[in-house]
Amino acid sequence: MRSTTAAWHEHRIAASIAPLLPGFAVEAVPEIDSTNTELMRRARAGRTEPVLLVAERQTAGRGRLGRPWQSAQRQEEQASLTFSLGLPLAPADWSGLSLAVGVSVAESLDPTGTHKVGLKWPNDLWVNDRKLVGILIETALPHAAGPGAARYLVIGIGINIGEREAEGMRTPPAWLRQWRPDAAAPEVLRELAEPLVRSVLAFEAQGFAQFAERFAARDVLRGREVTLSDGTEGVCEGVAWSGELQVRTSLGLQTITSDEVSVRPRGMAF
Ligand code: BTN
């Protein structure tokens, strides 16, 4: 098998997370169809161990709502960081998980908010209305699972590290090297992996409410006129304590729960 181009320091990352998740492993591969697809395949085959899978190249990366996810073209420079975290999880309430994940990644990439890394409901990271990070969350239910059993959660994250073309993208891209010229994908992964696992475990224990104010502090839609993919228009009033988007429309306050609905600032194409 081909080896990876970059040094990912898998053992170092795994050692920092194993005290939180016993048996945790980190795998780095040069190429795969999609890190999410692979972890979902493993879960369906009964492999539900906690793992982080990072790929230097995805040939069939997937985004939300069935869209493809294209990495930046300059693979030799590791211009994108693409990985998935898989683990069994059994929170009392799943609502707001994707928002909590967004909060964790935004705080790792821009701890003080200096670089204006914001959160676009439900879980994109934007900088000045340009997309820096996409997140795809999926779950699988193990075969023999009873009521209240843990699901296998797969959190897929794609981060633009280096410059990329806007062509073919719904939202023009932002990239990390715009303010961190030396940013490298392995280093970024080391910075965000452990806080991400901590956030997911905190979510499992206590739900989304503990993240709500931190989401609000970076909410890029709050106070703006927005359009929903079903054509509804209104003004965004932010996110509820349980993670739903609140939009004031001519019919009153609408609470948007479905991940199947897209929302855009008014005037931005879908
Ligand atoms: C979106 O913006 O719609 C979500 C994009 C998620 C992309 C990441 S890259 C790593 C993981 N593997 C995938 O196939 N998708 C996610």
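Residues numbered from 1 in each chain as written. Predicted model: local features only at pLDDT ≥ 70, side-chain atom pairs only at ≥ 80, totals over all residues. Heavy atoms only, no water.

**Some points on the site of the ligand**
Surveying the vicinity of the ligand reveals 20 residues, the closest of which are S34, Q58, R62, R64 and K131. For the ligand, an oxygen atom lies 2.7 Å from a polar atom in the backbone of R62. At 2.5 Å, a side-chain N or O of K131 approaches an oxygen atom of the ligand. For the ligand, the protein covers 97% of the area, taking 410 Å² as the surface of the free molecule. Spatially, the ligand is embedded in the largest pocket. Going through the elements one at a time, α2 (35-44), β3 (80-89), β6 (130-140) and β7 (151-160) are the ones with two or more residues in the shell around the ligand. In terms of residues, the shell around the ligand owes the most to one element, β6, which gives 4 residues. (Near = heavy atom within 4 Å. Polar contact = N/O pair within 3.5 Å; in protein donor to acceptor, adjacent residues only side chain to side chain. Areas by Shrake-Rupley, 256 points an atom, 1.4 Å probe, with all protein chains shown as cover. 1 Å grid on protein atoms, 1.4 Å probe; cavity = no way out; pocket = protein on both sides within 12 Å on 5 of 7 lines; lining within 4 Å. Sits in = over half its atoms within 2 Å of the grid points. Helix = DSSP H or I, 4+ residues; strand = E, 2+ residues; numbered from the N terminus.)

**A closer look at the pairing of strand β11 (residues 252-256)**
Bridge count between strand β10 (residues 245-249) and β11: 5 bridges; the pairing is antiparallel. Across the sheet, the residue bridging to Q246 is T255, located in β11. In textbook terms, the turn of a hairpin is the stretch between consecutive antiparallel strands, and for β10 and β11 this stretch comprises 2 residues. (Pairing = 2+ DSSP bridges.)

**Let's talk about the nonpolar core**
Ranked by size, the top nonpolar core spans 66 residues in total, and within it L81, L109 and I157 carry the most contacts. Here the element with the most residues in this core is helix α4 (residues 185-206); it accounts for 9 residues. Per-domain counts for this core show at least three residues from each of domain 1 (10-217) and domain 2 (225-265). The contacts of L109, once residues within four sequence positions are left out, are L125, L132, V133, I159, L176, W179, V188 and L192. By size, the runner-up hydrophobic cluster in this structure holds 11 residues, among which are V29, M40, A43 and L53. (Core = buried A, V, L, I, M, F, W, Y, C linked by side-chain atoms within 4.5 Å. Buried < 20%, exposed > 50% of the residue type's maximum accessible area, 1.4 Å probe, protein only. Domains from an automatic or database assignment. Contact = heavy atoms within 4.5 Å.)

**So, the layout of surface pockets**
There is about 730 Å³ of room inside the largest pocket. Sorting the residues of the lining of the largest pocket by element identifies α2, β3, β6 and β7 as the ones contributing at least two each. Looking at the lining of the largest pocket element by element, the count peaks at 4 residues for β6. Residue classes in the lining of the largest pocket are distributed as 12 nonpolar, 17 polar and 12 charged. (Points joined across faces, edges and corners; volume = space filled by probe spheres on them. Nonpolar A, V, L, I, M, F, W, Y, C, P; charged D, E, K, R; others polar.)

**Re the sheet that holds strand β8 (residues 225-228)**
Reading across the sheet, the 5 strands line up as β11-β10-β9-β8-β12 and stay open at both edges, with antiparallel pairing between neighbours. Each end of this open sheet is capped by a strand with a single partner; those strands are β11 and β12 (263-265). Averaged over all pairs of adjacent strands, the angle between their axes in this sheet comes to 45°, without regard to strand direction. When β8 meets β12, the two strands line up antiparallel, connected through 3 bridges. From the neighbouring strand, V226 faces β12, where its bridge partner is P265. (Axes fitted to C-alpha atoms, helices over the stretch in contact; angles between N-to-C directions.)

**Quick word on the domain arrangement of the chain**
By a widely used convention, the size of an interface equals the accessible area lost when the partners come together. Considered domain by domain, the chain is made up of domain 1 (10-217) and domain 2 (225-265). Spacing between the C-alpha centres of domain 1 and domain 2 amounts to 24 Å. Taken together, the contacts link 17 residues of domain 1 with 16 residues of domain 2. Summed over the shared surface of domain 1 and domain 2, the number is 4 residue pairs in polar contact (both at pLDDT 80 or more). Across the side of domain 1 that touches domain 2, the residue classes tally to 9 nonpolar, 3 polar and 5 charged.

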